[in-house]
Amino acid sequence: MFDAGWDAGLDDEQLAVVTHGEGPLVVLAGAGTGKTRVLTARVAHLLERGVAPERLLLLTFTRRAADDMLGRAARLAGRRHDAERLQGGTFHAVAQRLLATSGEVVGLARHASVLDPEDAADVMDLLRDEHGLAGTERRFPRAATLVDIYSRCVDTRRPLAEVLAVDFPWCHEHQPAIAELCRAYVAHKRARQQVDFGDLLLFWHAALVHPEVGPALAGRFDAVLVDEAQDVNAVQADIVRALRPDGRGLTLVGDDAQAIYGFRGADARHLHQLATAFPDVTVLRLERNFRSLQPVLDVANQVRADLDAGPGRTGGNPSADLDAGPGRTGGGNGAPGRGAIGSLVLRADRPGGRRPQLVRCHDAAGEARAVVDRILDAHQRGTALRDQAVLVRAAHHSDLIELELSARGVPYRKYGGLRFVEAAHVKDFVAAARLLDNPADDVAWFRLLRLHHGVGPARAKAVLGALAPRRGDGGDSAEAVAAAPASARVALAATFAALDAARQLPDPAAQLGALVELLGPLVADRYRDGAARLADLRRLHEAAAAHGDLHDWLAAVTLDPPASCGLPAGPPQLDDDFVVLSTVHSAKGLEWAAVHLPHLVDGAFPSDMAVGSTAGLAEERRLFYVAVTRARDQLTLYTPLRMPHRRHAGDDRHSLAPASRFLDAELMALVEVQHPPPRPPAEPAALPGGPVAVDLDHLWR
């Protein structure tokens, strides 16, 4: 026996999951039920049972989740030295690692460049121009939209006509041109050994179903565990099936009610399809909630019941009949046959609690005042600001609340929506490094060329055209330099020479060091804070040198890039307490003592972009469920009576706002309805003299 301890603190439901045998297992893990702890303990138990670390694969949707769980599992099993041998990561990262050694079977060279979404949009932009679709005579989808359309088709395996009709109806008239661009996009990538994120999954699946290579790839693993299985897309579901064709050693952990990434191609129905693919599957449930008090869970359970009973069960909870069929078991409570996902009822581990509140407000401004009033009231009663969150459906729904917080001196931090500090210089460095690994990478060339003074998109395309015959060979660069504007020719010639010299250096560390020197003057010229950004590049060089393999490091930094850079700090934040403002999507997996949910009106939550379809409305309800289950102790809902026609207009035009359809009679019975006290009327002023007469007779003479 190892010095384990993986079973410490597990209840019966959790222990049944952790100690399950080799047969296929589906775990329906409700919000706050200790899913991460259970999955970590199961990995530790498998190690103790004799599964070799390198033959265990954990697939997640974030790198950090995989690293944390695998490291903790190795420690729980008393095998810290085995942590590095455990296999895991995001689907895309694992795909890249496997294809680095087996990609040749699907025609993929080891040095293939990985394109992130911005790179893919650059390729599509080049193709739009080549196909004469970049003009202004008629509106045509932007490059980023075209990449989104392409990815939606690939990730969901739906034909272009269906994707356009359902998700992009305004683009439907351009279907022939879009289809031609998609074909050109595929051909362009293949010719230059480039892969986007979707290609990583497609090639991995293609290798898995290859009659010779596939069994060897799948045979590398004895156990495959998938976290957040409700978020897999069609290709990822096919990969899971190909990894464990008979289901042996497969563990799927997920919660259909938290499937909120349909816009990425995810579909919770795949969890159901994976479960029903194996006749001897076992379904276990985790229903004991360690996070929230029961009054909060009562609301969550009602939202879940509404989801299960909503129109179109496949659009609501697709795993409603997971227990139908032989060999299926119920939850840890020993009650088989409770198959409907709606009967997964969360029960609180902690006693007590007060009913959630629904605050009816006069208008959006009154709602903002009510939210801040209750934040400050909770703070006075002992709840720290940082333990309170305002969760919104869309980032702009918090605009007035931000103004009110600022006016009343309440510090806050906002998460979700757009990133305001993008690490552009990191992408510059990665582009230059990609050219060492793959000189045919025109997207990397396009970015590097535009760093030079006077080289815009049009000039960069001209230089690329001149460079095409032997792209990357400094001896063939004279024509390319001549195609650049005069102001850039000296610097561009130096860039070609430096790249050529870097390729001759003996190891990646030396090559990347040469790139830092190459980029120094370009970064200093492009960015106002060039010195700080150059320091960032030196740190990147150190990290890449420690990694050892240039290609693997490039793939890793593309799949998991920094969200921001290490620029000099601004004014010090001396207040260590602040309210969190976040979109619901960004809040998934987090929790706070008090949660405020404003803007619960139809058209805001649920979004007016989603109510046109049963599936869209069901996803909005699941998003509402996720928001509700972030609260530990207190949940407050807000619904304004009036909403302005335009957010930033200065007029008073408004509409009466219907309360969110999620606030049905059953849910309303579980909350305490409150109306903010009206502002006291102004006292009449005492003025000297008698009444003032208003005479209009002169107007009618």
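Everything numeric in this text was worked out from a predicted model, so none of it was measured.

Conventions adopted
- Residues numbered from 1 in each chain as written.
- Predicted model: local features only at pLDDT ≥ 70, side-chain atom pairs only at ≥ 80, totals over all residues.
- Heavy atoms only, no water.
- Buried < 20%, exposed > 50% of the residue type's maximum accessible area, 1.4 Å probe, protein only.
- Helix = DSSP H or I, 4+ residues; strand = E, 2+ residues; numbered from the N terminus.
- Polar contact = N/O pair within 3.5 Å; in protein donor to acceptor, adjacent residues only side chain to side chain.
- Salt bridge = Lys/Arg side-chain N within 4 Å of Asp/Glu carboxyl O.
- Phe/Tyr/Trp six-rings, centres within 6.5 Å; stacked < 30°, edge-to-face > 60°.
- Arc of directions from axis to C-beta.
- Contact = heavy atoms within 4.5 Å.
- Pairing = 2+ DSSP bridges.
- Right-handed = clockwise from strand over helix to strand, strands pointing away.
- Axes fitted to C-alpha atoms, helices over the stretch in contact; angles between N-to-C directions.
- Parallel < 35°, antiparallel > 145°, perpendicular 65-115°, else oblique.
- Left-handed = near helix turned anticlockwise from the far one by under 90°.
- Nonpolar A, V, L, I, M, F, W, Y, C, P; charged D, E, K, R; others polar.
- pLDDT = per-residue confidence, 0-100.

Moving on to helix α11 (residues 234-243). Burial analysis of α11 places 9 of its 10 residues in the buried class, the great majority of the element. Where α11 is concerned, the buried positions are A234, V235, Q236, A237, D238, I239, V240, A242 and L243. Sitting at the amino-terminal end of α11 is N233, which places a side-chain oxygen 3.1 Å from the backbone nitrogen of V235.

So, about the pattern of salt bridges. Scanning the model with the defined rule gives 45 salt bridges in all. Its salt-bridge partner being R158, residue E162 comes within 3.1 Å of it at the nearest N-O pair. We classify E162 as partly exposed; its relative accessible area is 37%. Linking K189 and D196 is a salt bridge whose minimum nitrogen-to-oxygen distance equals 3.0 Å. Given a relative accessible area of 0%, K189 falls into the buried group. By relative accessible area, D196 is classed as buried at 6%. Overlapping salt bridges, with partners in common, bring together D116, E118, D119, K427, D428, R434, D441 and R447 in one network.

This brings us to the packing of aromatic side chains. For the structure shown, the criterion picks out 7 aromatic pairs. Aromatic pair Y150 and Y185: ring centres 4.8 Å apart, planes at 80°, arrangement edge-to-face. Placement of the pair is Y150 in helix α6 (residues 143-156) and Y185 in helix α8 (residues 175-191), with a sequence separation of 35 residues. The burial state of Y150 is the same as that of Y185; both residues are buried.

What follows concerns helix α19 (residues 457-467). Along α19, the residues classified as buried are A460, V463, L464, A466 and L467. End-on view of α19: buried residues confined to an arc of 165°, all on one side of the axis. Residues of α19 that are buried in the fold lie against α18 (442-449), α20 (478-483) and α21 (489-503).

A word on the environment of A510. You can see A510 is positioned in helix α22 (residues 508-526). The sequence separation of A510 and H541 amounts to 31 residues, and the corresponding C-alpha distance is 9.3 Å.

This brings us to the pairing of strand β7 (residues 250-254). Burial analysis of β7 places 5 of its 5 residues in the buried class, the great majority of the element. Two strands pair when backbone bridges link them, and strand β1 (residues 25-29) and β7 are joined in this way by 4 bridges, in the parallel orientation. Paired with L28 across the two strands is G254, which belongs to β7. Bridge count between strand β6 (residues 223-226) and β7: 3 bridges; the pairing is parallel. Each residue of the ladder has a partner; that of V226, found in β7, is L252. Considered for its hand, the β-α-β crossover made up of β6, α11 and β7 is right-handed.

Read across the open sheet, the 6 strands follow the order β3-β2-β6-β7-β1-β8; overall the sheet is parallel. Every interior strand has two partners, whereas the edge strands, β3 (87-90) and β8 (282-286), have only one. On average, each strand axis in the sheet is tilted by 15° relative to the strand beside it, whichever way the strands run. Relative to β8, β1 runs parallel, the two sharing 5 bridges. Bridge pairing links L25 to T282 in β8. Contacts from helix α3 (residues 63-76) reach β2 (56-60) and β3 within the one sheet, and its direction differs from that of β2 by about 145°.

For the pair helix α2 (residues 35-49) and α3, interaxial distance at closest approach is 8 Å and the crossing angle is 50°. Our classification of the angle between α2 and α3 gives oblique. The two elements α2 and α3 meet at a crossing, and its hand is right-handed. For the pair formed by α2 and α3, the contact residues are T36, R37, L39, T40, V43, A44 and L47 on the first element and M69, L70, R72, A73, A74 and L76 on the second. Broken down by class, the residue content of the contact of α2 with α3 amounts to 9 nonpolar, 2 polar and 2 charged.

Note that Q14 resides in helix α1 (residues 12-18). Of the residues examined, Q14 reaches a relative accessible area of 4% and is grouped as buried. Excluding residues that lie within four positions of it along the chain, Q14 makes contacts with G9, T33, G34, V38, L286 and F290.

Next up on the list: the side chain of D199. Tracing the backbone shows D199 in helix α9 (residues 197-208). Beyond its immediate sequence surroundings of up to four residues, D199 is in contact with Y150, K189, R190 and Q194.

The next thing to look at is the confidence of the model for the chain. For the chain, mean pLDDT is 83; residues scoring 70 or higher make up 85% of the total. Considering each helix and strand of the chain separately, the mean pLDDT is smallest for helix α14 (residues 313-316), with a value of 41, and largest for strand β15 (residues 592-597), with 97. Here residues 312-316 scores under 50 on pLDDT; set against residues more than four positions off or in separate chains, the count is 12 contacts. Confidence drops under a pLDDT of 50 for residues 567-572, and excluding neighbours within four residues, the segment shows 4 contacts in the predicted structure.

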